[in-house]
Amino acid sequence: MAFGLIGRVVGTKPSRLSTAARLIPARWTSTGSEAQSKASSGGGGENLKTFQIYRWNPDNPGKPELQDYKIDLKDCGPMVLDALIKIKNEMDPSLTFRRSCREGICGSCAMNIDGCNGLACLTKIECGSKETTITPLPHMFVIKDLVVDMTNFYNQYKSIEPWLKRKTPASVPGKEILQSKKDRAKLDGMYECILCACCSTSCPSYWWNPESYLGPAALLHANRWISDSRDEYTKERLEAIDDEFKLYRCHTILNCARACPKGLNPGKQITHIKQLQQSG
Amino acid sequence: MGASKLSGMQKQVLSLYRGFLRAARSKPIEDRKRIEMIVSTEFRHNSKEVDRKNFQYIEYLLRLGTKQLDQLKSPDIVSLSSVKVVASKS
């Protein structure tokens, strides 16, 4: 009965709308016809790529393994996260990984893709028939498949007290604490950090001392609060991290700058802290 | 009783077990018995089922247990409870 109504409407409307109305039913059936044409062409022009993904299940614990999955890149979005979601939807629902925003702002999908740490939603699938290896962030305890235990990382971030601390109350009580544009510009390159842990887990120094060395991410944030002109506890912050292990495990390896998916340079910020320690 | 020289991992497991029993002591009596029952069955079951050389899984269980113990130690938490899940063959 609904179709009958639509048919009557299409017949009576002017020509512009009737072409649009004709387009709509064509779109409804387009997937059916396209699928038929793909099947009839015999899968011609298929672009298969193999993904080797690290699997370990705590419910059936054995040795962790790299499992192969073949994906047709024509049916898949350009990013590695699209491939992972396609594998989970169509081939293996037990594949476990973290993801949220799919646009590189939440930092959930951080993993090691072809040896380099990065966000799965921002890393393009490399064209060509070479296999892509996906493993969890290196030297982190694995909870399941690609999901790692981030509690140590978050505790280190908490330990630098990443909030504004003041001794004197604001000059106008109840209003914002003012900051000049130049002082605000000092925070650029540090406030954008999304705590994805790509940098800390790419640092060999952090691999060998994860509990005592704070890691590039936490130190970047420490510098963000040290450099903030509104914060009045600068001396105490510097003293808190002036430690053989917390700060000086950094040997300017600079893997962190290479790994950061947001293009930040934690190594540079750590050097800034070291300079402040030297002079102050 | 037991091995003469305990390995580091065995000592960790035992200290986790001790930690659970100590945490149970601070709870009311009924809940204390329930906690002790659940913890001891869990540890005994794992000690039989889990291979001694499967270090990755043992460390995983240790980390899981330590997190649960930290939660249990908080005074707001009153008791533990467990559910038995039987995998169906259908």
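Quick caveat, the model's predicted, so the values are computed rather than measured.

Each value, and the rule that gives it
Residues numbered from 1 in each chain as written. Chains lettered and ligands numbered in written order. Predicted model: local features only at pLDDT ≥ 70, side-chain atom pairs only at ≥ 80, totals over all residues. Heavy atoms only, no water. Helix = DSSP H or I, 4+ residues; strand = E, 2+ residues; numbered from the N terminus. Buried < 20%, exposed > 50% of the residue type's maximum accessible area, 1.4 Å probe, protein only. Contact = heavy atoms within 4.5 Å. Areas by Shrake-Rupley, 256 points an atom, 1.4 Å probe, with all protein chains shown as cover. Pairing = 2+ DSSP bridges. Phe/Tyr/Trp six-rings, centres within 6.5 Å; stacked < 30°, edge-to-face > 60°. Lys NZ or Arg CZ within 6 Å of the ring centre and 35° of its normal. pLDDT = per-residue confidence, 0-100. Polar contact = N/O pair within 3.5 Å; in protein donor to acceptor, adjacent residues only side chain to side chain. UniProt positions renumbered as here; feature names shortened; annotations may be inferred. Axes fitted to C-alpha atoms, helices over the stretch in contact; angles between N-to-C directions. Parallel < 35°, antiparallel > 145°, perpendicular 65-115°, else oblique. Left-handed = near helix turned anticlockwise from the far one by under 90°. Nonpolar A, V, L, I, M, F, W, Y, C, P; charged D, E, K, R; others polar. Salt bridge = Lys/Arg side-chain N within 4 Å of Asp/Glu carboxyl O. 1 Å grid on protein atoms, 1.4 Å probe; cavity = no way out; pocket = protein on both sides within 12 Å on 5 of 7 lines; lining within 4 Å. Points joined across faces, edges and corners; volume = space filled by probe spheres on them.

Visitor: Give me the overall build of chain A: which residues, what numbers.
Guide: The helix and strand inventory of chain A stands at 10 helices and 7 strands. Buried residues in chain A amount to 38% of all 280 residues. Long-range pairs, those at least 24 residues apart, make up 63% of the contacts in chain A with a sequence separation of at least 6. Summed over all atoms, the accessible surface of chain A reaches about 16,500 Å², with 55% contributed by carbon and sulfur.

Visitor: Which residues make up the pairing of strand β5 (residues 132-135) of chain A, and what values go with them?
Guide: Residue and element names in this part refer to chain A. Taking every second residue as pointing to the same face, the buried face of β5 carries T132 and I134, while none of T133 and T135 on the other face is buried. As paired elements, strand β1 (residues 48-55) and β5 share 3 bridges and run parallel to each other. Bridge assignment links F51 to a residue of β5, and that residue is T132.

Visitor: Got a sec to walk through the packing of aromatic side chains? Specific residues and values, please.
Guide: Residue and element names in this part refer to chain A. In this structure the tally under the stated criterion is 7 aromatic pairs over all chains. Here the aromatic rings of W207 and W208 are separated by 5.6 Å at their centres, their planes lie at 75°, and the arrangement is edge-to-face. Its end group placed over the ring of Y233, K167 keeps NZ or CZ at 5.0 Å from the ring centre. One cation-aromatic arrangement involves R249 over F245; the distance from NZ or CZ to the ring centre is 4.9 Å.

Visitor: Quick one: what's the story with the confidence of the model for chain A, residue by residue and with numbers?
Guide: Residue and element names in this part refer to chain A. Here chain A shows a mean pLDDT of 86. Residues at 70 or above account for 84%. At the level of individual helices and strands, chain A shows its lowest average pLDDT in helix α1 (residues 2-12), which scores 43, and its highest in strand β3 (residues 110-113), which scores 97. In the model, residues 1-15 has pLDDT below 50 throughout and makes 2 contacts with residues more than four positions away in sequence or in other chains. The model gives residues 17-43 a pLDDT under 50, and that stretch makes 4 contacts with residues more than four places away or in other chains.

Visitor: Before we move on, could you go through the side chain of N112 of chain A and cite the residues and values that matter?
Guide: Residues and elements named next belong to chain A. Structurally, N112 can be placed in strand β3. Reaching out from N112, the side chain makes a polar contact with the backbone nitrogen of G115 at a distance of 2.9 Å. In terms of polar contacts, N112 uses its side chain to reach the side chain of N117, at 3.1 Å. Those residues within four positions of N112 in sequence are excluded, and the remaining contacts are N117, T133, I134, T135, P136, L137 and P138.

Visitor: Quick one: what's the story with the UniProt feature "domain: Complex 1 LYR protein" (unreviewed entry) in chain B, residue by residue and with numbers?
Guide: According to UniProt, the "domain: Complex 1 LYR protein" (unreviewed entry) feature falls on residues 11-71 of chain B. Span residues 11-71 of chain B is 87% helix and 0% strand, its end C-alpha atoms 21 Å apart.

Visitor: Quick rundown of the packing of helix α7 (residues 215-226) of chain A against helix α8 (residues 234-241) of chain A? Include the residues and the values.
Guide: Residues and elements named next belong to chain A. Orientation of α7 relative to α8, taken along the N-to-C sense of each, is 160°, at an axis distance of 9 Å. Here α8 runs roughly antiparallel to α7, going by the angle between their axes. Where α7 crosses over α8, the handedness of that crossing is left-handed. The segment α7 lies against α8, with L219, A222, W225 and I226 engaging T234, R237, L238 and I241. Looking at the contact of α7 with α8, its residues break down into 6 nonpolar, 1 polar and 1 charged.

Visitor: Please provide a residue-by-residue account of the sheet that holds β1 of chain A, values included.
Guide: Residues and elements named next belong to chain A. Strand order in this open sheet of 5 strands is β2-β1-β5-β3-β4, and the pairing throughout is mixed. The open sheet has two free edges, formed respectively by β2 (65-72) and β4 (116-119), since each of these has just one partner strand. Put simply, the sheet's adjacent strands are angled 30° from each other on average, direction ignored. Sheet strands touched by helix α3 (residues 80-91): β1, β2, β3 and β5. Its angle to β2, the strand with the most contacts, is close to 95°.

Visitor: Any details on the pattern of salt bridges? Residues and values, ideally.
Guide: Overall, the coordinates contain 17 salt bridges over all chains when judged by the stated rule. Taking the shortest distance from any N to any O, the salt bridge between D92 of chain A and R55 of chain A comes out at 2.7 Å. With D92 of chain A in the loop between α3 and β3 and R55 of chain A in strand β1, this pair connects stretches of sequence that are 37 residues apart. The same class applies to D92 of chain A as to R55 of chain A, namely buried. In this structure, K67 of chain B engages D149 of chain A in a salt bridge whose closest nitrogen and oxygen atoms are separated by 3.3 Å. With K67 of chain B in helix α3 (residues 55-73) and D149 of chain A in the loop between β7 (147-148) and α4 (151-159), the pair connects residues from two separate chains.

Visitor: Kindly report on the environment of K262 of chain A, identifying the contributing residues and their values.
Guide: All names here are of chain A. Counting through the fold element by element, K262 comes out in the loop between α9 (255-259) and α10 (266-279). C-alpha separation for the pair K262 and I194, spaced 68 residues apart in sequence, amounts to 8.3 Å. Excluding its chain neighbours within four sequence positions, the residues that come into contact with K262 are G104, I105, E192 and I194.

Visitor: I'd like to hear about empty space enclosed by the protein, residue by residue, with values.
Guide: Residues and elements named next belong to chain A. For the structure on display, the rule yields 2 cavities of 30 Å³ or more. Roughly 110 Å³ of volume is contained in the largest cavity. Lining the largest cavity are 14 residues, and of these C193, I194, C196, C199 and C260 sit closest to its centre. Here the second largest cavity is characterised by a volume of approximately 90 Å³. Surrounding the second largest cavity, 14 residues form its lining, C203, C250, I253, L254 and C256 being those nearest its centre. Counting residues per element, the ones that place at least two in the lining of the second largest cavity are α9 and α10. Among the residues forming the lining of the second largest cavity, the class breakdown is 8 nonpolar, 5 polar and 1 charged.

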